[in-house]
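# Notes for the structure review
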Amino acid sequence: MRYGILFLGLLFSATSQADGVAHYQDQRFGYVAGNLMHLNLDYDSREVTPSGVGLRLGGMVNPYWGVELRAATGPSPDTYRPENSRTKVDYTVDHVGALLATGRFPFKSPVALPYVENLFVQGFAGVADVKVKTVTRKCNARGCRDDTARNDDTSLAFGAGIGLRTEFNLGLTLEYMQYIDEEYLTVTGIEGGLEWYF
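Residues numbered from 1 in each chain as written. Predicted model: local features only at pLDDT ≥ 70, side-chain atom pairs only at ≥ 80, totals over all residues. Heavy atoms only, no water.

Here the focus is the overall build of the protein. Across its full length, the protein carries 2 helices and 10 strands. If you list the helices and strands of the protein from N to C, you get α-α-β-β-β-β-β-β-β-β-β-β. Taking all 198 residues of the protein together, the buried fraction comes to 39%. Residue pairs in contact within the protein that sit at least 24 positions apart in sequence constitute 62% of those at least 6 positions apart. If you sum the accessible surface of the protein, you get close to 11100 Å²; carbon and sulfur atoms cover 60% of it. (Helix = DSSP H or I, 4+ residues; strand = E, 2+ residues; numbered from the N terminus. Buried < 20%, exposed > 50% of the residue type's maximum accessible area, 1.4 Å probe, protein only. Contact = heavy atoms within 4.5 Å. Areas by Shrake-Rupley, 256 points an atom, 1.4 Å probe, with all protein chains shown as cover.)

Below, the structure is given as structure tokens:
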């Protein structure tokens, strides 16, 4: 619900420039992208680095401003083992969802690159929701026991990236994102993406 209201507000503000939007859409600046993510999860001062995959859907209102939705998951957990303990904790990022406003500044490469239409730098700001699952495995002489806990947090999110767009309506991006920054939980990511413009 909270994402829907924010998204509708951003779309409504874009309709005030309808002529520019219609002309600009002829240039294929809606996009869908797949990201590979190297996440850094700091949970109660325990730092782990699970991996993730993400999907991005965005559209540019003009050459410089747009809106983006993100959904991601980290199917590969990372394990934390306290020293001198028979306990281990697996951390998994179950879900990342984000609604972001984006600013993009395209520019020509100073040297000729074959098939490259332009390079760009990009910034992101918005709201993200992250769900983290922890599975604690405790063992003693009588056996082992698993305890599962889930935490869900919402925070302001921001990031920056660089990329290139080719003449084939495909692009490559490299981004840094901070999704959650709370006292007990910080989630950041370095992400490489492949974009397709439509």
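What follows covers the packing of aromatic side chains. Applying the stated criterion across every chain yields a total of 7 aromatic pairs. Aromatic side chains Phe-29 and Tyr-197 sit 6.1 Å apart centroid to centroid with 45° between the ring planes, which places their arrangement in the tilted category. One end of the pair, Phe-29, is in the loop between helix H2 (18-25) and strand E1 (30-43); the other, Tyr-197, is in strand E10 (residues 185-197), and 168 residues separate them in sequence. Under the relative-accessibility criterion, Phe-29 is labelled buried at 12%. (Phe/Tyr/Trp six-rings, centres within 6.5 Å; stacked < 30°, edge-to-face > 60°.)

Next up on the list: the pattern of salt bridges. Tallied over the entire structure, the rule returns 11 salt bridges. Here Glu-191 and Arg-70 are joined by a salt bridge, their closest N and O atoms 3.1 Å apart. Residue Glu-191 is found in strand E10, and its partner Arg-70 is found in strand E4 (residues 65-76); the two are separated by 121 residues along the sequence. We classify Arg-70 as buried; its relative accessible area is 7%. Salt bridges linked by common partners bring Arg-56, Glu-68, Arg-70, Arg-104, Glu-175, Glu-191 and Glu-195 together as one network. (Salt bridge = Lys/Arg side-chain N within 4 Å of Asp/Glu carboxyl O.)

Before going further, it helps to examine the side chain of Arg-70. Within polar-contact distance, the side chain of Arg-70 engages the side chain of Glu-68 at 2.6 Å. In terms of polar contacts, Arg-70 uses its side chain to reach the side chain of Glu-175, at 2.8 Å. (Polar contact = N/O pair within 3.5 Å; in protein donor to acceptor, adjacent residues only side chain to side chain.)

One ladder, built from 8 bridges, connects E4 with strand E6 (residues 87-107); its direction is antiparallel. Of the residues in E6, the one forming a bridge with Leu-69 is Leu-99. Pairing geometry for strand E5 (residues 78-80) and E6, over 3 bridges, is antiparallel. Note that in E6 the partner of Thr-79 across the bridge is Asp-90. Hairpin connection between E5 and E6: a loop of 6 residues separates the two successive antiparallel strands, and Asn-84 in this loop has a positive phi of roughly 55°. For E6 and strand E7 (residues 116-140), the ladder comprises 20 bridges, and the chain directions are antiparallel. (Pairing = 2+ DSSP bridges.)

Before going further, it helps to spend a moment on the pairing of E4. The side chains of a regular strand alternate between both faces of the sheet. The pairing of strand E3 (residues 51-60) with E4 spans 9 bridges and is classified as antiparallel. The residue bridging Leu-57 from the neighbouring strand is Leu-69, located in E4. Remark: 4 residues form the turn of the hairpin made by E3 and E4, two consecutive strands paired antiparallel.

Below, the discussion takes up the state of the cysteines. Here the structure, examined in full by the defined rule, presents 1 disulfide. Disulfide pairing is shown between Cys-139 and Cys-144; the S-S distance is 2.0 Å. The sign of the 110° torsion about the S-S bond sets the Cys-139-Cys-144 disulfide as right-handed. Taking relative accessible area as the criterion, Cys-139 reaches 21% and is therefore assigned partly exposed. (Disulfide = S-S within 2.5 Å.)

Once that is clear, we can look at the nonpolar core. Where a protein is soluble and globular, its nonpolar side chains tend to be buried together. In terms of nonpolar packing, the biggest core is built from 22 residues, with Leu-41, Val-130, Tyr-179 and Leu-185 touching the most fellow members. For this core, the element with the most residues is E6, which contributes 6 residues. Here Val-130 is in contact with Val-93, His-95, Val-96, Asn-151, Asp-152, Asp-153, Tyr-179, Ile-180 and Val-187, once residues within four sequence places are set aside. (Core = buried A, V, L, I, M, F, W, Y, C linked by side-chain atoms within 4.5 Å.)

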